[in-house]
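Per-entry structural report
Take a look at the letters that make up each chain.
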Amino acid sequence: MKRRALALPVACLAALSAACGGTTGASSPNADTGPVIALPTPSAPANGKPLRIFYFNEEGASAAASSPESYQAAEAAVDYINKNLGGVKGRPFELIHCASLGTPDSVTNCANRAVDAKPDVVVNGTDTASAAAVPILAAANIPFINLNTGDPAALTDPNTFVLTAGNAPLLAGPIAYAKEQGYHNVGVIYTNVTSLTTAVDSVVSKFAAREGINLTTVPVPVTTGDLTPAYSSLLAKKVDAIEVVTSTGQCAAALKARQSLADTRPLFMSTPCSGSLTTVPSTVSDKTIILTADTSAVATTKDTQIYRAAMKTYQPGAETKNFAPLGFASIMDLYNGLETAPDPASLDAASVKKTLQTAKQVPLFLAGDTTFTCGQHLFANAPSACMGSVFLVRYDAASGSFTLTKSYDMAEPLSGIA
């Protein structure tokens, strides 16, 4: 019998930024250069009963909404954990793959297949309609992991674990930075979809008002190709800085608008926009600050070096940018969480869920010294979020590299904002 989810709205398109509801987060401006380290050798091979991970991921819906690199990176992470770390105290990971199409029907199909497969845990790679899986997996009591998401269903369901801060805190990060820099007026251009509108209106605007910053927002339809009028309207308001949170295609349009208007004020952009920084002269994109859920863009961090080495070893031909780092990190974070289990040999779906509910200060991969602790209810409208940190990385056009500018734990600053 086919199990169907309740009808849920599609939050946004896969090409959208970190504020895109339903994906595991922003695509990442991963570092392609830097030192390559040797991977560790395990004291004993992983040869116990496999821990089965059902991994669904949006692939093939369109060129703009397909992220096969997320699953390829997850495969590399599994190989790294099994072959270099010895599994979860001897138990190897086993991946089960379901390619979705970014639609509620395709996600429902993957969720139903997961129920039939009886895995120990389900991980959402990158899928815009992942909310459709939430009630199905909850009814089957199979824990559901999202690295980052804007879906209200995932952010509020007790069976779902969002290991990072979620999208609204990520979008609020530039406001915290603006306050420190003494900016009084900030403009935001964002794609007018439900998840972004909700984040901007319900969280970012309220946070800006609390911090004494005047926020001017300009929503644009996803079909808008020329952002010059939107950008120009913010300049007319004499804003001190501009934040752009749009679809990938609109990132380039925003940069072209900035170029044509000869604007030089501070610019914040969502992570998919990192791929557009080279489409304009370096004088236009230099020092752009990218808001991101991870630190994979920073080549000097240990986790980035591990990530690059594992990808080179186990997926040498795969993409390492876009959603790949998040696919890798989601498996690494699951591994770190399950390492805290009192008896990994007995882990199953029920005990995986309990382990994640009770694990405290678990290292978050590709996030510096940040940890996650689920069940904290850090944010009023996102009780499933397990940590509050967001990162701002600055682009250096001369070298094509990124450096970590600031990180913020947004839990306290956003306290009480629904």
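For the structure given in this document, a descriptive report is provided here. (Residues numbered from 1 in each chain as written. Predicted model: local features only at pLDDT ≥ 70, side-chain atom pairs only at ≥ 80, totals over all residues. Heavy atoms only, no water.)

**A short note on empty space enclosed by the protein**
Regions of empty space are outlined by a rolling probe, equal in size to a water molecule, passed over the atoms. This model, assessed by the stated rule, comprises three cavities of 30 Å³ or more. Lining the largest cavity we find twelve residues, and of these Leu147, Thr164, Ala293, Asp294 and Leu326 sit closest to its centre. Looking at the lining of the largest cavity residue by residue, the class counts come to seven nonpolar, three polar and two charged. (1 Å grid on protein atoms, 1.4 Å probe; cavity = no way out; pocket = protein on both sides within 12 Å on 5 of 7 lines; lining within 4 Å. Points joined across faces, edges and corners; volume = space filled by probe spheres on them. Nonpolar A, V, L, I, M, F, W, Y, C, P; charged D, E, K, R; others polar.)

**Quick look at the pattern of salt bridges**
This model, assessed by the stated rule, comprises seven salt bridges. Residue Arg265 pairs with Asp263 through a salt bridge whose shortest N-O separation is 2.5 Å. Given the relative accessible area of 8%, Asp263 is considered buried. One continuous salt-bridge network, built from bridges that share partners, spans Arg258, Asp263 and Arg265. (Salt bridge = Lys/Arg side-chain N within 4 Å of Asp/Glu carboxyl O. Buried < 20%, exposed > 50% of the residue type's maximum accessible area, 1.4 Å probe, protein only.)

**Comments concerning the packing of helix α5 (residues 167-181) against helix α6 (residues 194-210)**
At a closest axis distance of 9 Å, the pairing of α5 and α6 adopts a crossing angle of 35°. Both α5 and α6 take part in a crossing whose hand is right-handed. In this structure, α5 contributes Ala168, Leu171, Ala172, Ile175 and Ala176 to the contact, and α6 contributes Leu196, Ala199, Val203, Val204, Phe207 and Ala208. Taken together, the residues that form the contact of α5 with α6 break down as eleven nonpolar, no polar and no charged. (Axes fitted to C-alpha atoms, helices over the stretch in contact; angles between N-to-C directions. Helix = DSSP H or I, 4+ residues; strand = E, 2+ residues; numbered from the N terminus. Left-handed = near helix turned anticlockwise from the far one by under 90°. Contact = heavy atoms within 4.5 Å.)

**Thoughts on the sheet that holds strand β1 (residues 51-58)**
Pairing within the open sheet is parallel, and its five strands lie in the order β2-β1-β3-β4-β5. One side of each edge strand has no neighbouring strand; the edge strands of this open sheet are β2 (93-100) and β5 (160-162). Taken pair by pair, the neighbouring strands of this sheet meet at an average axis angle of 25°, ignoring direction. Strand direction decides the pairing type here: β1 and β2, joined by eight bridges, are parallel. Note that in β2 the partner of Asn57 across the bridge is Ala99. Set on the sheet, helix α11 (residues 324-338) makes contact with β1, β2, β3 (121-124) and β4 (144-146); between it and β1 the angle comes to about 155°. (Pairing = 2+ DSSP bridges.)

**Topic: the sheet that holds strand β6 (residues 185-191)**
Read from one edge to the other, the open sheet built from seven strands follows the order β7-β6-β8-β9-β10-β13-β14, with strand pairing classed as mixed. Where the open sheet ends on each side, the last strands, each with one partner, are β7 (214-220) and β14 (401-409). When strand polarity is set aside, the average angle formed by the axes of neighbouring strands in this sheet is 20°. Across eight bridges, strand β13 (residues 389-396) lies against β14 in antiparallel orientation. Looking across to β14, one finds that Asp396 is bridged to Ser401. Packing of helix α8 (residues 248-260) onto the sheet brings it into contact with β6, β7, β8 (241-245) and β9 (267-270), and relative to β9 it is tilted by some 165°.

**Considerations on the state of the cysteines**
As enumerated under the stated definition, the model contains three disulfides in all. Covalently, Cys98 is tied to Cys110 through a disulfide, its sulfur atoms 2.1 Å apart. Across the S-S bond linking Cys98 and Cys110, the dihedral sits near -85°, which makes this disulfide left-handed. Taken as a pair, Cys98 in strand β2 and Cys110 in helix α2 (residues 104-117) lie far apart in primary sequence, twelve residues in all. The partner cysteine of Cys374 in its disulfide is Cys386, sulfur to sulfur 2.1 Å. Measuring handedness by torsion sign, the sulfur bridge of Cys374 and Cys386 sits at about 100° and is right-handed. Taken together, the positions of Cys374 in the loop between β12 (371-372) and β13 and Cys386 in the loop between β12 and β13 put the pair twelve residues apart, joining distant regions of the chain. Among the residues examined, Cys374 registers a relative accessible area of 5% and is labelled buried. (Disulfide = S-S within 2.5 Å.)

**Considering the pairing of β6**
Along β6, six of the seven residues are buried, which leaves the element largely enclosed by surrounding structure. Bridge analysis of β6 against β7 gives seven bridges, and the strand direction is parallel. Across the sheet, Thr191 pairs through a bridge with Val220, a residue of β7. Following the backbone out of β6, through α6 and into the adjacent parallel β7, one traces a crossover that is right-handed. By the bridge criterion, five bridges tie β6 to β8 in an arrangement that is parallel. When the bridges of β8 are listed, Val186 appears paired with Ala241. (Right-handed = clockwise from strand over helix to strand, strands pointing away.)

**What to know about the nonpolar core**
Nonpolar side chains in soluble globular proteins generally cluster together in the buried interior. Ranked by internal contacts, the top residues of the largest apolar core, which has 93 residues, are Tyr80, Phe93, Leu163, Phe328, Ile331 and Met410. Considering each element in turn, this core owes the most residues, nine residues, to α11. What Phe328 contacts, discounting residues up to four positions off in sequence, is Ala73, Ala74, Ala76, Ala77, Tyr80, Tyr307, Ala310, Met311 and Phe365. With 29 residues, the next largest nonpolar core counts Tyr231, Val239, Leu255 and Val280 among its residues. (Core = buried A, V, L, I, M, F, W, Y, C linked by side-chain atoms within 4.5 Å.)

**Regarding the packing of helix α1 (residues 68-84) against α11**
In the contact formed by α1 and α11, the axes pass within 7 Å of each other and the chain directions differ by 35°. Every pair of crossing elements has a handedness; the one defined by α1 and α11 is right-handed. Within the contact between the two elements, α1 uses Glu69, Ser70, Ala73, Ala74, Ala76, Ala77, Val78, Tyr80 and Ile81 and α11 uses Ala324, Gly327, Phe328, Ile331, Met332 and Tyr335. Taken together, the residues of the contact of α1 with α11 sort by class into twelve nonpolar, two polar and one charged.

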